[in-house]
Each structure stands twice: as structure tokens, then as C-alpha cells.
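Listed here are the chains, written in short residue letters.
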Amino acid sequence: MSKLTESSKSYQVKDALNSGEVRCFTDLPECFQTPEMAIYYLQHFTKYSDVNSEFQYNTVPKHCRTDPFLMTAATIGCRVLKDISPEDTGIYRELAVAAIGASRLNLKDVSSRFRDEEMLEYILKRFPGEIHSLMGRVDWLIEAMSDDQLDRCCQEDFMVALDAPAHRIKGCASQYLKLGKLTGHEIVYIRRKGRLDLIARKLKEEKWPFPQFGDEGESMPIEPESMEKLLGRLEKSDHNTPYETIYMACMMREPIDQVVPLMAGNRFKKLLMEMYPREALAPFLKEDVALRGAMLEEAIGL
């Protein structure tokens, strides 16, 4: 009984499902274990059962995994790319596109032979605005991009430029920084990445850019007239907030030999260690006892 009508397939599978006899494809009688039935079985389980389709896909033996079956599985998000190589099928690119479109998890499994400009164009169009979040989960994504593709991503989202490998960024990442478009969350993220210098560099080139402060929805104060006034604002700011972060970057616009003496003492020692690399602070340790103590504690792990 090698060929079955659609109605007989439906009757047999539904009867087996309803009776609870079939949970795996291999539970079907051997005469039903055909590539055509495998497609029907996967579609039926996806539509009528709460069992994970990935489980059902894995129960189908390899001799039934024809191109049409793989395409069916790919379109419902199964991890088909884990189990095949380009040599196994003549439609690998089509399968990869279908699988990626159905689930981001499939990005990890794309063969290195197909991590090309064409595939990247599809990914960029399929997941606009999501490249930064995908970078942390798909290690090949940035390296596979062309220079033009990476430049476009950086133009659209500075966070991509911030986290991309330095050798892939031509010039300084600050060229992609649009201060007025940053949200408070993004400003603090830049700080946590140890790149306050990028904001400071941009602030040297542009005027105070915050008539309204991103997602905070509040107006920023006008730019202080002096470093002393700026330091006063910094002192009143809550810790690890966007406001404190911006004030720190504003201080960094000024020469370090003016900033560090002004911020000497216990109140600002930790902020100085965020603002400048250790070697840049070294010349000031003799005069700033609090800063010297903080750096010593850091060095011995206290």
C-alpha cells in the first residue's frame, strides 16, 4: 500500500492521533512511512497538536526527508539546517531563507558557504532594526557582512558600530553616533561598555544636542557655563543615570590635567576610573590619595 489518497491519509493519521496511538512518525505502520506521509504528518501535528513541531520533525527518518519535506519543516521553524549540508540538497539557499524567516534560531546553522552578501541582504531586510540584538547570538553575522552592509547597519543603529569588532569599523565608531537620537538606556549602555570617550568626542564636535532627552521625555538643562557648574550638576545626579553619564562625558571634553584635579577626592574617584584609562590617571596618583587608594583596591581585588 505505497500510494494513499488524501482522504485515506487523513483518516489514518487522524484516527491514530485521536486514539493516542501515534506520537512519533515511526509509530505509524511501515507502509505509511513515506516521504508524502511525512509531509502530511508534520503539517497535521503542527495544526492540530500542542506537541512541539521540532520533536515531530526529529522522529522522521532521513530516507523520508526529501526536499519538499525539508521545505515544509523549514517554513514552520524546524532546525532543518542543523541536519543538512549544501551537498544534501539542491535547494539549500531556499531552505535557509525559509528557515530563517520562520525562526531566528536558524541563523546559527547557516552553512559557511551561504553566509554571503545575498544571504545577508535577506537577513537585513527580514530583521530591520534587530541586527544589534542578533549580533550577540549569531557570531558570524558581522564578519560575513560586506563593508557597505556593515556601514548601513551602523548608520541605522550606533549600537552595531559600538559592538562590532574594531577591525571592521573604518575610522572611529563615533562617526555613527547621533547624540540627539540616543535613548537614556543606550547612553548608559555605552558607559557600561567603557566607551564614554565616544560621547565626549562627539560633544566636542557638536553643540549640546538634547532639547529633549530620548526616552526620558524630559528637557536637559542648558550647557553649564563652567566646569565648576558642570561638576555641581554631576554631584547632584543619581548614580548610573543618563544624566550623570552625559555630565561625565562633558567633563571629558576638557583637558585631563584640568578635570582630574577638579574631581579629586572620595566623591568622584570611581567616576574618574570610569572616565579615563588607568595609564592616563597614573600621573595624578601622587596628589590624589583617594584615587590612588581606589586603584590599589582594584588591583588587589578588594
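To keep things clear, this report deals only with the structure shown in the data block. Model, not experiment: these values are computed from the prediction.

1. Section: the packing of aromatic side chains
Summed over the entire model, instances satisfying the criterion amount to three aromatic pairs. Arranged with centres 5.9 Å apart and planes meeting at 10 degrees, the rings of Y57 and F69 form a pair that is stacked. Of this pair, Y57 sits in helix α3 (residues 53-58) while F69 sits in helix α4 (residues 67-75), and the two are 12 residues apart along the sequence. The pair formed by Y57 and F69 is uniform in burial state, with each residue classed as buried. When the ring centre of Y57 is taken as origin, the NZ or CZ atom of R65, which lies over that ring, is 4.4 Å away.

2. Quick look at the pattern of salt bridges
Within the structure shown, the criterion is met by 15 salt bridges. Where D148 meets R152, a salt bridge forms, and the shortest distance between an N and an O atom there is 3.3 Å. On the criterion of helical spacing, the pair formed by D148 and R152 is a turn pair, its members being four residues apart in helix α9 (residues 147-156). Assessed through its relative accessible area of 47%, D148 is described here as partly exposed. For R152, a relative accessible area of 31% translates into the label partly exposed.

3. Digging into helix α18 (residues 289-300)
Between its first and last C-alpha, α18 extends 17 Å over 12 residues, near the 16 Å set by a 1.5 Å rise per residue. Taken together, the buried positions of α18 are A290, L291, A294 and M295. Along α18, the residues classed as buried sweep out an arc of 130 degrees about the axis, all on the same side. α18 presents V289, L296, A299 and I300 as exposed residues on the side facing more than 90 degrees away from its buried surface. Where the residues of α18 are buried, they touch α15 (256-262), α16 (269-275) and α17 (278-281). Looking at where α18 begins, the residue whose side-chain oxygen comes 3.3 Å from the main-chain nitrogen of A290 is D288. At the C-terminal side of α18, G301 shows a positive phi close to 80 degrees.

4. A closer look at the side chain of R65
Within the secondary structure layout, R65 lies in the loop between α3 and α4. The exposure class assigned to R65 is buried, which follows from its relative accessible area of 16%. One polar contact links R65 to D83, side chain to side chain, over a distance of 3.5 Å.

5. Points about the packing of α4 against helix α5 (residues 92-102)
In a pair of packed helices, the angle between the axes and the distance between the axes together describe the arrangement. Taken N-terminus to C-terminus, the directions of α4 and α5 make an angle of 25 degrees; their axes are 7 Å apart at the nearest point. As the angle between them shows, α4 and α5 are arranged roughly parallel. Between α4, through L70, M71, A74 and T75, and α5, the contact on the second element is made entirely by E94, L95, A98, A99 and A102. A breakdown of the residues in the contact of α4 with α5 according to their chemical character gives seven nonpolar, one polar and one charged.

Analysis parameters
- Positions within a chain are numbered from 1, following the residues in the order the chain's sequence is written.
- Predicted model: local features are reported for residues with pLDDT of at least 70 only, side-chain atom pairs are reported and counted for 80 or more only, and whole-chain, interface and lining totals are derived from all residues.
- Calculated side-chain values reflect all of the structure's heavy atoms, with hydrogen atoms and water omitted.
- Think of it this way: a Phe, Tyr or Trp ring, Trp meaning its six-membered ring, pairs with another when their centres are within 6.5 Å, and the plane angle makes it stacked under 30 degrees, edge-to-face over 60, tilted otherwise.
- Helix numbering and strand numbering both begin at the N terminus, where a helix is a DSSP run of H or I of at least 4 residues and a strand a DSSP run of E of at least 2.
- Exposed residues in this analysis have more than 50% of their type's maximum accessible area, buried residues have under 20%, and partly exposed residues fall in between, with area computed by a 1.4 Å probe over protein chains only.
- When the NZ atom of lysine or the CZ atom of arginine is within 6 Å of a ring's centre and also within 35 degrees of its normal, the charge is said to sit over that ring.
- Here, a salt bridge means any side-chain nitrogen of Lys or Arg that lies within 4 Å of a carboxyl oxygen of Asp or Glu.
- Helix span is expected to be 1.5 Å times the residue number reduced by one.
- Think of the arc as the fan of directions from the helix axis to the C-beta atoms.
- Throughout, a residue-residue contact means that at least one pair of heavy atoms, one from each residue, lies within 4.5 Å.
- In the analysis that follows, any N or O atom pair within 3.5 Å is treated as a polar contact, provided that within protein one partner can donate a hydrogen and the other can accept it, and provided that, for residues neighboring in sequence, both atoms belong to side chains.
- Helix axes use the C-alpha atoms of the stretch in contact, all axes being lines fitted to C-alpha atoms, and the angles between their N-to-C directions lie in the range 0 to 180 degrees.
- Each angle gets one of four labels, with under 35 degrees taken as roughly parallel, over 145 as roughly antiparallel, 65 to 115 as roughly perpendicular, and the rest as oblique.
- Polar here means any residue other than Ala, Val, Leu, Ile, Met, Phe, Trp, Tyr, Cys and Pro, which are nonpolar, and Asp, Glu, Lys and Arg, which are charged; Gly is therefore polar.

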